[in-house]
Amino acid sequence: MKVLVTGSSKGIGRQVCVKFLAQGHEVLGLDLLEDTISKDCTLTGREKYTHFTADISCRESLPDISDVEILINNAGVQAADERDISVNLLGTMAVTEKYAFQPKIKSVLFNSSVSSLTGNEFPTYVASKAGVTGYMKNCAIRLANQYQATCNAVCFGGVATELNDSVMKDPALWQKIMDVTPLKKWATVEEAADWCYFLTVTNTFCTGQAIDVSGGERNCADLFVWGAD
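**Describing the layout of surface pockets**
Remark: the empty space left among the atoms is shown by a probe the size of a water molecule rolled over them. Within this model, the largest pocket holds a volume of roughly 1200 Å³. In terms of lining, the largest pocket is formed by 46 residues, of which the most central are Asn 74, Gly 76, Val 77, Gln 78 and Leu 163. Of all elements in the fold, only α1 (11-22), β2 (26-31), α2 (82-99), α4 (123-147) and α5 (165-168) reach the threshold of two or more residues within the lining of the largest pocket. If one sorts the elements of the lining of the largest pocket by residue count, α1 sits on top with three residues.

**Things to note about the sheet that holds strand β7 (residues 210-213)**
Taken together, seven strands build an open sheet; the order of strands is β3-β2-β1-β4-β5-β6-β7 and the sheet is parallel. Sheet topology places β3 (49-53) and β7 at the edges, where each strand pairs with a single neighbour. The mean inter-strand angle of the sheet, taken between neighbouring strand axes irrespective of direction, is 20 degrees. Pairing geometry for strand β1 (residues 2-6) and strand β4 (residues 70-73), over three bridges, is parallel. Following the sheet pairing, Leu 4 is matched in β4 by Leu 71.

**Structural notes on the packing of α1 against helix α7 (residues 189-202)**
Between α1 and α7, whose axes approach to 8 Å, the crossing angle comes to 60 degrees. In terms of orientation, α1 and α7 fall into the oblique class. Here the hand of the crossing between α1 and α7 comes out right-handed. Mapping the contact onto sequence places Gly 11, Ile 12, Gln 15, Val 16, Lys 19 and Phe 20 in α1 and Val 189, Glu 190, Ala 192, Ala 193, Asp 194, Cys 196, Tyr 197, Thr 200 and Val 201 in α7. In the contact of α1 with α7, the residues fall into nine nonpolar, three polar and three charged.

Cut-offs and rules
Residues numbered from 1 in each chain as written. Predicted model: local features only at pLDDT ≥ 70, side-chain atom pairs only at ≥ 80, totals over all residues. Heavy atoms only, no water. 1 Å grid on protein atoms, 1.4 Å probe; cavity = no way out; pocket = protein on both sides within 12 Å on 5 of 7 lines; lining within 4 Å. Points joined across faces, edges and corners; volume = space filled by probe spheres on them. Helix = DSSP H or I, 4+ residues; strand = E, 2+ residues; numbered from the N terminus. Pairing = 2+ DSSP bridges. Axes fitted to C-alpha atoms, helices over the stretch in contact; angles between N-to-C directions. Parallel < 35°, antiparallel > 145°, perpendicular 65-115°, else oblique. Left-handed = near helix turned anticlockwise from the far one by under 90°. Contact = heavy atoms within 4.5 Å. Nonpolar A, V, L, I, M, F, W, Y, C, P; charged D, E, K, R; others polar.

As structure tokens, this is what we get:
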């Protein structure tokens, strides 16, 4: 299938691309950053990867791409300011309206956040991800009615990526997070990619759902200040 992944150069997005390529799919990546996949000779299927450089918060920069079958909205920021809204919510909406509503679409997945369910994290970040989760439900109705396609949001808790490196290396902050995470660990990027693959390829009936994949993270009123210092 033809798979479009935003935020494809690092972290979860890159690993999602690697997962789909290894399974024989054609993958198109879209990111502000340069291609980190097609020249990596260690990756299976890298010849089936195409990279586009674009800023999802700038609608005019989005390339024309047709016949998308799976869209994975992964690109986002954790800025604690208005960029959370412009990128995470408005940018994601722009991408979805441009690429999801096409005749061959089979599945759309949003990388939301458990923050959209618990309220933990920076206020603008929580608002942006709650907006994504709500927007997903609207898209799920439209995509089911028009194309019989599935549409869900995966709400990850902590994932071990470069972006979260400073959090994982802060003993006090890490302990605070583990105190509200019953499984006492964060997901790997490989685990995150497996969930993305399952919800878009294996799954053909679950739709309109915000799936909590957080290790059981509970609400904690002071966690919204992560990284504020």
